Amino acid sequence: MTDILVVGDTTNGKLGSATAELIRAAGNLVGDVGVGLAGSRLQEAVREASSMGAQTIYTMESHKLDDPSVYTKVTAFSQLCQQLEPRVILVSKNSHGLDFGPRLAFSLGAGLAQDCIRIGEDDDTGRVVATRPVYGGSAMATVTFSGDGPQVVVLREKSYEPASQDSLESGNLVQVEVNLGSSGDQVKSVRQVGSVAKGVRLEDAEFVVAGGRGLGGAEPFATLEELANLLGGAVGASRAACDAGWVNHNYQVGLTGRTISPNVYLTVGISGASQHMAGCSGSRNIIAINKDREANIFKEARFGVVGDWNAILPSFLETVRELV
Ligand SMILES: Cc1cc2nc3c(=O)[nH]c(=O)nc-3n(C[C@H](O)[C@H](O)[C@H](O)COP(=O)(O)OP(=O)(O)OC[C@H]3O[C@@H](n4cnc5c(N)ncnc54)[C@H](O)[C@@H]3O)c2cc1C
């Protein structure tokens, strides 16, 4: 019996960190948690999901499911859900999840809550109550489901800490046969091209230093890169800096960029618009450098320096160089 089904994802045979976050989020709901995994070479991911406390791990093994196409995965998970009839299905809002969640909900005739950042349960109805940012992150909406059907919730990455692998319980493994038929045949994946990541991934970094329009150009990003390298972190940017072409859009933090939750988030020349904050509000400590003491970023920052970054950053960098 699985009440809450986590749609799992794997990378090179290992469980994706987004799945670990969903397993943690599932702990906020009442019921047994199952994790569905699709593809080949799933043994390591099964072990990881089990040690994170999932009661049951359902594997759907097929090379066809290694394909990045969303169609085959929807077919597989739709059949799994029809067998299990879970009350809640949790999907991560990564590049696949945004596409996958609505398709799965449609195929099951289920309700869907997209882009959520928190989930809980209504004590009276037992239905999921989810929180999602609206109006570009300026307000939070609380949504719930009507009817008795399955509830599909798509959760933003980094909304929850990943579950840790410390469960002594070992989950049950259930191998599920799915009939993929011709699903996926309409799309042919020709080639997968990965972006070359330098250093630590922005989403995984414990230290992020980000630059905004206040930097005035692309050049100062070299200083941010050096600082990030020294502290084993990553560089981010506001949309204004990306739109100006100073850095690639892969650097963008915010509502339409990446969601990060580092231990320390240092912003330089960023005003702290709500759309930017939507991507970094999970940061444990925000430190802001901005010459405008009224800038919104100071409302969110734990520490702030009011002043021109040109006068502050070089000596800060110098001190870090000496310390590391
Ligand atoms: C639908 C939608 C989605 C969006 N998504 C995103 C998103 O994902 N991410 C995002 O970042 N934005 C997003 N935006 C844009 C967002 O609204 C802001 O326009 C943007 O974040 C502003 O970037 P900024 O803080 O770099 O620039 P500004 O708001 O122009 O702020 C620049 C700051 O630099 C300071 N400054 C200037 N010179 C110096 C100096 N020498 N030293 C110190 N400080 C200095 C200024 O005081 C100012 O506070 C979105 C907007 C919309 C409408």
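This text goes with the structure placed above it.
Residues numbered from 1 in each chain as written. Predicted model: local features only at pLDDT ≥ 70, side-chain atom pairs only at ≥ 80, totals over all residues. Heavy atoms only, no water.

## Structural notes on a nonpolar patch on the surface
Together, Leu-231, Leu-323 and Val-324 make up a nonpolar patch on the protein surface, roughly 310 Å² of accessible area in all. By the secondary structure assignment, Val-324 is in the segment after helix 9 (309-323). Using a relative accessible area of 57% as the deciding quantity, one classes Val-324 as exposed. (Patch = residues over 30% accessible without salt bridge, like charges linked within 9 Å, V, L, I, M, F, W, Y side chains within 5 Å. Areas by Shrake-Rupley, 256 points an atom, 1.4 Å probe, with all protein chains shown as cover. Salt bridge = Lys/Arg side-chain N within 4 Å of Asp/Glu carboxyl O. Helix = DSSP H or I, 4+ residues; strand = E, 2+ residues; numbered from the N terminus. Buried < 20%, exposed > 50% of the residue type's maximum accessible area, 1.4 Å probe, protein only.)

## What to know about the sheet that holds strand 17 (residues 303-306)
Read from one edge of the open sheet, 5 strands run 14-13-15-16-17, paired in parallel fashion. At either margin of the open sheet sits one strand with a lone partner, and together these are strand 14 (234-237) and strand 17. Pairwise comparison of adjacent strand axes, ignoring direction, gives a mean angle of 15° for this sheet. Pairing geometry for strand 13 (residues 207-211) and strand 15 (residues 264-268), over 5 bridges, is parallel. (Pairing = 2+ DSSP bridges. Axes fitted to C-alpha atoms, helices over the stretch in contact; angles between N-to-C directions.)

## With respect to the pattern of salt bridges
The full count for this structure, using the stated rule, is 19 salt bridges. In this structure, Arg-201 and Asp-204 form a salt bridge, with 2.9 Å as the shortest nitrogen-oxygen distance. Asp-243 is the salt-bridge partner of Arg-239, the closest N and O atoms lying 3.5 Å from each other. One end of the pair is Arg-239 and the other is Asp-243, both in helix 6 (residues 239-243) and 4 residues apart, which spans about a single turn. Owing to a relative accessible area of 49%, Asp-243 belongs among the partly exposed residues under this scheme. A single salt-bridge network, built from bridges that share partners, covers Glu-21, Lys-158, Arg-201, Glu-203, Asp-204 and Arg-258.

## Observations concerning unusual backbone geometry
At Asn-12, a position not held by glycine, the phi torsion is positive, near 50°. Take Asn-12: it is sitting in the loop between strand 2 (10-11) and strand 3 (14-15). Its relative accessible area of 66% is what places Asn-12 among the exposed residues. Positive phi values are uncommon outside glycine, yet Glu-85 reaches one of about 50°. Looking at where Glu-85 falls in the secondary structure, it is placed in the loop between helix 3 (70-84) and strand 6 (88-93). Take Glu-85: its relative accessible area is 66%, and that puts it in the exposed class.

## Details of the environment of Gly-199
Topologically, Gly-199 is positioned in the loop between strand 12 (172-175) and strand 13. A relative accessible area of 69% places Gly-199 in the exposed class. Linking Gly-199 and Cys-280, residues 81 residues apart in sequence, is a C-alpha distance of 20 Å.

## Some words on empty space enclosed by the protein
Within this structure, the stated rule accounts for 1 cavity of 30 Å³ or more. Estimated volume of the largest cavity: approximately 40 Å³. Taken together, Ala-18, Glu-21, Leu-22, Ser-92, Leu-155, Arg-156, Glu-157, Ser-159 and Tyr-160 make up the lining of the largest cavity. Of all elements in the fold, only helix 1 (17-26) and strand 11 (151-156) reach the threshold of two or more residues within the lining of the largest cavity. (1 Å grid on protein atoms, 1.4 Å probe; cavity = no way out; pocket = protein on both sides within 12 Å on 5 of 7 lines; lining within 4 Å. Points joined across faces, edges and corners; volume = space filled by probe spheres on them.)

## Concerning the environment of Pro-262
Mapped onto the fold, Pro-262 is located in the loop between helix 6 and strand 15. The exposure class assigned to Pro-262 is buried, which follows from its relative accessible area of 0%. Counting along the chain gives 54 residues from Pro-262 to Val-208, while the straight-line C-alpha distance between them is 6.6 Å. Beyond its immediate chain neighbours, meaning those up to four positions away, Pro-262 contacts Ala-205, Glu-206, Phe-207, Val-208, Gly-282, Ser-283 and Arg-284. (Contact = heavy atoms within 4.5 Å.)

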